[in-house]
Amino acid sequence: MIRHLVSIDDLSIEEIQALFTWADRFSEDPRGQSEMCRGMIAASLFYEPSTRTRLSFESAMLRLGGGVLTAAEMTSSSAAKGESLADTVRVVGGGYADVIVLRHPSEGAAQLAARYSPVPVINAGDGAHEHPTQTLCDLYNLHVERGHIEGLEVVLAGDLKYSRTVHSFAYALARFGAGIVCVPQPGFEMPEYVVRRLRDEFGVEPVRADTRRLGTLAAESDAMYLTPQKPHQLSLFTDAKGWELQQVDALYMTRPQTERFDQSDGGVSKYMRLDRRDMAAESLRDAVVMHPLPRRDEISSDIDEDPRSIYFKQAGRGVPIRMALLSALMGQIELPVNNSPARESWPVSVGANPCPNPSCISHTEPRHVQPRFVLASRQPMRARCAYCSRELLYRFVGCATTGHYHLPESAALRKVRPENLVFLPDEEQAAVLNFSQAGVRGDS
Ligand code: NCD
């Protein structure tokens, strides 16, 4: 079976740890691995700019003895002639390359590519959605610097709304049992759909707290999220006044993702900035400072020489961890059996596409994408887009076999098989599709 890496959730904790072990080996002798993927080819299909991600993948493949095909400006490829992503990956995966590394501005693009590609697809960033290989790199850095991830206190700072690196990192940190503290640039908080997923799927509970200065993380009004492993802290934060984070293990800064801003975001007049003064804070005494790069002004260059600043080392470690990933997806190294339940998705069979996200691939490439959903919760019934992870928009849920529709809270929905669920925006649409309200015509 072909393995893809679309979301960081596609890898179990055990698999990620096994990749760390391989990455450790590869970093000890990066030039001695040229037999690992000899004769294999990786294709980089990049529809958005990139320096580190593309070059570190290509370096990784070359160090493994393989070759690379680079389409770094896909906008000047057949895409400009109107070729769909689905067709492009079928061509590239059909003999040109043994693995596809894809970066695309539409959220869920890698999921779509994985459905059509005959070879493994690696998501190298899909819009503001996810960036799982940056997360592997970030986790690997924590593993190297700290020796473990569980129990670490990690601060995520900056543009948490559009930073795909932050979204994938937060999901993984939650699974590893790290504490996650969010320090958003005002107006660029962690999106609600990410928070819901953290809560529903990973058991991470959001709590309000506040930051006045980056070095002094004190409780007042910003959002912060903690793993349930620390219930004593949770109850403490409910009455958050006067609270202060004692010790940060890693501070992860991100730049404003201005290329993704829409009109409602306006501009950012004063973006947060980490400098030498902040680094003097007691809470940051042992913190490593991370950044997926590129940086703008959010980290002052006056801390570049500080031994806690690891962002350049962090980028360098992207090569051995990507070597490990490529070797694994091409079947050259074995990973432990993945016991994580696969996330099942179902087609939205009737009615309009209920995904509310205009940047989702289900809207940007409707010719090739049948909208699909995954169930986030049964009671109340909540469903997410299988491509971009946003919650679907609907007021009622119908059952295709009974022809009745219900409120999402209805207990009757618990018995309906997912393939029979129909998401209805309003009564009118329900009537058009011949659904009647449950209970009105003699059914519950
Ligand atoms: C990140 C990205 O592209 O999302 N960069 C990267 O892959 N190293 C972060 C960013 O662009 O800000």
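Residues numbered from 1 in each chain as written. Predicted model: local features only at pLDDT ≥ 70, side-chain atom pairs only at ≥ 80, totals over all residues. Heavy atoms only, no water.

A word on the site of the ligand. With respect to spatial proximity, the complete set of residues near the ligand consists of Arg52, Thr53, Arg103, His131, Gln134, Arg164, Thr165, Arg255, Gln257, Pro292, Leu293 and Pro294. In the environment of the ligand, an oxygen atom lies 2.7 Å from a nitrogen or oxygen atom belonging to the side chain of Arg255. At 2.8 Å, a side-chain N or O of Gln257 approaches an oxygen atom of the ligand. Computed on the free molecule, the ligand has an accessible area of 320 Å², of which 93% lies beneath the protein chains in the complex. Of all elements in the fold, only α2 (52-63) and α6 (164-176) reach the threshold of two or more residues within the shell around the ligand. Grouping the amino acids of the shell around the ligand by side-chain chemistry returns three nonpolar, five polar and four charged. (Near = heavy atom within 4 Å. Polar contact = N/O pair within 3.5 Å; in protein donor to acceptor, adjacent residues only side chain to side chain. Areas by Shrake-Rupley, 256 points an atom, 1.4 Å probe, with all protein chains shown as cover. Helix = DSSP H or I, 4+ residues; strand = E, 2+ residues; numbered from the N terminus. Nonpolar A, V, L, I, M, F, W, Y, C, P; charged D, E, K, R; others polar.)

Taken residue by residue, the chain gives an average pLDDT of 88. The fraction at 70 or more is 89%. Here residues 218-243 is a poorly scored stretch, pLDDT under 50, and it has 75 contacts once near neighbours within four places are set aside; other chains count. (pLDDT = per-residue confidence, 0-100. Contact = heavy atoms within 4.5 Å.)

The next point concerns helix α4 (residues 109-116). Along an α-helix, a turn takes 3.6 residues, which lines up residues three or four apart on a common side. Turning to α4, its buried residues number three or more, namely Ala109, Ala110, Leu112, Ala113 and Ala114. Against α3 (85-96), β3 (99-104), β4 (121-126) and α12 (361-364) lie the buried residues of α4. (Buried < 20%, exposed > 50% of the residue type's maximum accessible area, 1.4 Å probe, protein only.)

One open sheet holds the four strands; their spatial order is β2-β1-β3-β4, and the pairing between them is parallel. Only two strands of the sheet have a single neighbouring strand rather than two, namely β2 (67-71) and β4. Taken over all neighbouring pairs, the strand axes of this sheet differ in orientation by 15° on average, direction set aside. Pairing between strand β1 (residues 41-46) and β3: five bridges, direction parallel. Bridge pairing links Ala43 to Ile100 in β3. (Pairing = 2+ DSSP bridges. Axes fitted to C-alpha atoms, helices over the stretch in contact; angles between N-to-C directions.)

Here the focus is the pattern of salt bridges. Summed over all chains, the structure comprises 25 salt bridges. A single network of salt bridges, built from pairs that share partners, joins Asp9, Glu130, Arg197, Glu201 and Arg384. (Salt bridge = Lys/Arg side-chain N within 4 Å of Asp/Glu carboxyl O.)

Glancing now at a nonpolar patch on the surface. On the surface, a nonpolar cluster with roughly 270 Å² of combined accessible area is contributed by Leu69, Val91 and Tyr96. Structurally, the position occupied by Tyr96 is in helix α3. (Patch = residues over 30% accessible without salt bridge, like charges linked within 9 Å, V, L, I, M, F, W, Y side chains within 5 Å.)

Next up on the list: helix α7 (residues 192-202). For α7, the full list of buried residues reads Tyr193, Val194, Val195, Arg197, Leu198 and Phe202. Phi for Gly203, located one or two positions after α7, is positive at around 70°.

Okay, empty space enclosed by the protein next. Under the counting rule described, the total for this entry stands at two cavities of 30 Å³ or more. What the largest cavity holds in volume is close to 50 Å³. If you trace the largest cavity, you find it lined by Arg52, Ser56, Gln134, Cys137, Pro292, Ala315, Gly318 and Arg322. Among the elements of the structure, α2, α5 (132-146) and α11 (318-329) are those that each provide at least two residues to the lining of the largest cavity. Taken together, the residues of the lining of the largest cavity sort by class into three nonpolar, three polar and two charged. (1 Å grid on protein atoms, 1.4 Å probe; cavity = no way out; pocket = protein on both sides within 12 Å on 5 of 7 lines; lining within 4 Å. Points joined across faces, edges and corners; volume = space filled by probe spheres on them.)

As a further point, take the side chain of Ser362. One can find Ser362 in helix α12. You can call Ser362 buried: its relative accessible area is 4%. Side-chain polar atoms of Ser362 contact the side chain of Asn353, separated by 3.0 Å. Not counting chain neighbours up to four residues away, the residues in contact with Ser362 comprise Asn353, Cys355, Val369 and Tyr387.

Looking now at the sheet that holds strand β15 (residues 404-406). Pairing within the open sheet is mixed, and its four strands lie in the order β16-β14-β15-β17. Each edge of the open sheet carries a strand with a single partner, namely β16 (421-424) and β17 (436-437). Note: strand β14 (residues 396-399) against β16, four bridges, orientation antiparallel. By the bridge assignment, Gly398 is partnered in β16 with Val422.

If you trace the backbone, Asp302 turns up in the loop between β10 (288-290) and α10 (311-316). Once you skip the residues sitting within four places of it in the chain, Asp302 turns out to touch Asp275 and Arg276. Within the structure, Asp302 has its side chain in polar contact with the backbone nitrogen of Arg276 (distance 3.3 Å). Only 2.8 Å separates the side chain of Asp302 from the side chain of Ser300, close enough to count as a polar contact.

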